[in-house]
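Coordinate analysis (summary)
Listed below, chain by chain, are the residues.
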Amino acid sequence: MLKNRSLSPAEAAALFDLPRPAPECRIVVAMSGGVDSSVVAALAAQSGAQVVGVTLQLYDYGAATGRKGACCAGDDIRDARAVADRLGIAHYVHDHESAFREDVVERFADEYLAGRTPVPCIACNMGPKFIDLLAMARELGADCLATGHYVRRVPGAAGPQLHRACDPARDQSYFLYGTTERQLDFLRFPLGGMPKTQVRELAEEAGLRNAAKPDSQDICFVPDGDYASIVRKMRPEGARPGAIVHATSGETLGAHKGIIHYTVGQRRGLEIGGQPEPLYVVAIDAERAEVLVGPKRLLAVREARIAQTNRIGPMPDAPLTAKVRSLAKPVPVAIDGTLGDGAACTLLFETPEFGVAPGQAAVIYAGKRVVGGGWIESTRAPSA
């Protein structure tokens, strides 16, 4: 991990692993308007390379104006432009609202409607954030595309590898498992070896207006974290009322105002007091509009079927672990089947795992290296 101090031009250039001397290279930086991507732009400029900042406008500019802690709209676009002006680099804004709505927002709504728990940030990285930005960067004649993600790109015998960030509290590798080997050849993540404190110090030293800007917390297109209102607006049928049913006895314990308000593993907000033990959402039957609840033991999962898998580099001989939620700790697993090339396979947990929700991603690691992952399609409980 780099110490909290200023970097020389040579050290800044080394963060981008450039193929030629920095003055001969062009770096395109994905600028969301946040402090992380702004510092990446500042480091790129400090390296001596030619730098171009690109911001994707992903959702309605007017509706997002003044929102804090989001990205790619409203004040955030203005912040990105101001940073580019401060650094003296070119800056372009591309309207990708239509593609973002179709690829990310509508998929988000459809997943909740199907009783699944989506991860829109992964879908965004797989689509607009990388596919579209990479194409733009290549069209601009760039040598690489740099982003503010907290992950590390590490040289390996079979090509670059994707590793977890040095700062565990900032690691974003869970959201980038879908990165392809070809994309990783072109991508750079210069912040992966830094603590957030150093990033903010670098922003202050560079005189960036957003040095103290809060980090984004919620899904960028969901105001105040109220995802159900977004889903209800796009898919009104998701607000169809139904029953809350005990998963083992079949007893109706209450009523709900739509399955879009519930996810597997949820305990709060069920409004079915007076039960002899705490109850959790253990499954959602979208067709019947039923929320199935039960004791925590019913959340135990021994196997998870994952689909549309991606693998980065060869399969390792080392033991594997997997994260089934962004904030979960990696747990020991084995794989039954083939990981990668879009194939489906089964994760076998060494010990039962709890709160594994269809629609989430399972990301597989070998130590700190990201091996790959896929979308969780279904789960299987331990044998009786």
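Parameters at a glance
Position numbers for residues start from 1 in each chain and track the written sequence from start to end. Only residues with pLDDT of 70 or above have their local features reported here, since the model is predicted, and side-chain atom pairs are shown and tallied only from 80 upward, although totals for entire chains, interfaces and linings are computed over all residues. Hydrogens and water are ignored here; the side-chain numbers use all heavy atoms of the structure. Per the convention used, a helix needs a DSSP run of H or I reaching at least four residues, while a strand needs a run of E reaching at least two, with both numbered from the N terminus. Computation of the radius of gyration draws on C-alpha atoms alone. For the globule rule, the value is 2.2 Å times the number of residues to the power 0.38. Exposure classes here rest on a 1.4 Å probe applied to the protein chains alone. A residue is buried below 20% of its type maximum, exposed above 50%, and partly exposed in between. The criterion used for residue contact is that any of the two residues' heavy atoms lie within 4.5 Å. The Shrake-Rupley method, run with a 1.4 Å probe sphere, supplies the accessible areas, and residue values consider only the shown protein chains as cover. What counts as a salt bridge is simple: a side-chain nitrogen of Lys or Arg found within 4 Å of a carboxyl oxygen of Asp or Glu. Axis lines are fitted to C-alpha atoms, over the contacting stretch for helices. Their N-to-C directions set the angle, which ranges from 0 to 180 degrees. Should an angle fall under 35 degrees it is taken as roughly parallel, and over 145 as roughly antiparallel, whereas 65 to 115 is taken as roughly perpendicular and any remaining angle as oblique. Each Phe, Tyr or Trp ring (for Trp, its six-membered ring) is paired with any other whose centre lies within 6.5 Å, and the angle between the two planes then decides the class: stacked below 30 degrees, edge-to-face above 60, tilted in between. The criterion is that NZ of a Lys, or CZ of an Arg, lies within 6 Å of the ring centre and within 35 degrees of the ring normal, and then a charge sits over that ring. Between the first and last residue of a helix there are one fewer steps than residues, each counted as 1.5 Å, and that sum is the expected span. The angle separating two fitted axes, one through the seven residues that finish at a residue and one through the seven that start at it, defines the bend at that residue. We call a pair of cysteine sulfur atoms a disulfide when they lie within 2.5 Å. Residues are said to line a cavity or pocket when one of their atoms sits within 4 Å of a point; the points come from a 1 Å grid over protein atoms alone, cavities being sets where a 1.4 Å probe fits but cannot get out and pockets being open sets with protein on both sides within 12 Å along at least five of seven lines. Grid points are joined across faces, edges and corners, and a volume is the space filled by probe spheres set on the points. Side-chain classes are defined by residue name, with Ala, Val, Leu, Ile, Met, Phe, Trp, Tyr, Cys and Pro counting as nonpolar, Asp, Glu, Lys and Arg as charged, and the others, Gly among them, as polar. Strands qualify as paired when DSSP identifies two bridges or more between them.

Attention now goes to the overall build of the chain. Check the secondary structure of the chain and you find 9 helices and 17 strands. Taking 2.2 N^0.38 as the reference for a compact globule, 384 residues should give roughly 21 Å; the C-alpha atoms of the chain span a radius of gyration of 22 Å, in line with that estimate. Viewed in the frame of its principal axes, the chain has a C-alpha envelope of about 70 × 50 × 35 Å. Relative to its full complement of 384 residues, the chain shows a buried share of 51%. Of the contacts formed within the chain by residues at least 6 apart in sequence, a portion of 68% connects residues at least 24 apart. Of the roughly 17,100 Å² that the chain leaves accessible, carbon and sulfur atoms contribute 49%.

The subject of this paragraph is the pattern of salt bridges. Per the counting criterion, the structure on display carries 18 salt bridges. Lys196 is paired through a salt bridge with Asp215; the nearest N and O atoms lie 2.7 Å apart. Residue Lys196 is found in helix 8 (residues 196-205), and its partner Asp215 is found in the loop between helix 8 and helix 9 (227-234); the two are separated by 19 residues along the sequence. Note on Lys196: relative accessible area 11%, which makes it buried. Judged by its relative accessible area of 22%, Asp215 falls in the partly exposed class. Between Arg380 and Glu303 there is a salt bridge, with its nearest N and O atoms 3.9 Å apart.

Our next topic: the packing of helix 5 (residues 97-113) against helix 9. Taken N-terminus to C-terminus, the directions of helix 5 and helix 9 make an angle of 100 degrees; their axes are 9 Å apart at the nearest point. Relative to helix 9, helix 5 is oriented roughly perpendicular. Contact with helix 5, carried on its side by Arg101, Val105, Glu106, Phe108, Ala109 and Tyr112, involves Tyr227, Val231 and Met234 of helix 9 and no other residues of that element.

Positive phi values are uncommon outside glycine, yet Asp17 reaches one of about 45 degrees. With respect to the element layout, Asp17 can be found in the loop between helix 1 (9-14) and strand 1 (26-30). Owing to a relative accessible area of 43%, Asp17 belongs among the partly exposed residues under this scheme.

Moving on: the packing of aromatic side chains. Scanning the entire structure with this criterion turns up 3 aromatic pairs. Centre to centre, the rings of Tyr174 and Phe175 are 5.4 Å apart; their planes meet at 90 degrees, and the pair counts as edge-to-face. Between Tyr177 and Trp375, the ring centres sit 6.3 Å apart and the planes meet at 80 degrees, which makes this aromatic pair edge-to-face. Taken together, the residues span a long stretch of sequence, with Tyr177 in the loop between strand 6 (161-164) and helix 7 (181-186) and Trp375 in strand 17 (residues 369-380) at a distance of 198 residues. Sitting over the face of the ring of Phe186, Arg138 holds its NZ or CZ atom 4.4 Å from the ring centroid. Its end group placed over the ring of Phe354, Lys296 keeps NZ or CZ at 5.6 Å from the ring centre.

Once that is clear, we can look at helix 6 (residues 120-139). Because the α-helix completes a turn every 3.6 residues, residues three or four places apart line up on one side. Between its first and last C-alpha, helix 6 extends 27 Å over 20 residues, near the 28 Å set by a 1.5 Å rise per residue. Of all the bends in helix 6, the greatest reaches close to 25 degrees and is centred on Met126; the proline Pro128 follows between one and four positions later. Along helix 6, the positions that sit buried rather than exposed are Pro120, Ile122, Ala123, Cys124, Asn125, Gly127, Pro128, Phe130, Leu133, Leu134, Met136 and Ala137. Once helix 6 ends, the next one or two residues include Gly141, with phi positive near 75 degrees.

The next thing to look at is the state of the cysteines. One pass over the full model with this rule turns up 0 disulfides. The thiol of Cys25 is not disulfide-bonded; the next cysteine sulfur, from Cys144, is found 7.5 Å away. Taking the relative accessible area as the measure of exposure, Cys25 reaches 2% and is therefore buried.

What the rule picks out here adds up to 2 cavities of 30 Å³ or more. Every residue lining the largest cavity is listed: Val104, Arg107, Phe108, Glu111, Pro118, Val119, Pro120, Ala123, Gly359 and Trp375. When contributions to the lining of the largest cavity are tallied by element, the ones reaching two or more residues are helix 5 and helix 6. In terms of residues, the lining of the largest cavity owes the most to one element, helix 5, which gives 4 residues. Classifying every residue of the lining of the largest cavity gives 7 nonpolar, 1 polar and 2 charged. Along the walls of the second largest cavity sit Ile122, Asn125, Met126, Phe130, Phe175, Leu176, Gly178, Thr179 and Gln183, which together make up its complete lining. Looking at the lining of the second largest cavity residue by residue, the class counts come to 5 nonpolar, 4 polar and no charged.

Strand order in the open sheet formed by 4 strands is 9-8-11-10, with mixed pairing between adjacent strands. Of all the strands in the sheet, the pair left with one neighbour each is strand 9 (252-256) and strand 10 (280-285). Geometrically, the sheet is characterised by an average inter-axis angle of 30 degrees between neighbouring strands, direction not taken into account. Alignment of strand 10 against strand 11 (residues 290-294), held across 5 bridges, turns out to be antiparallel. Bridged to Ala283 within strand 11 is Leu292.

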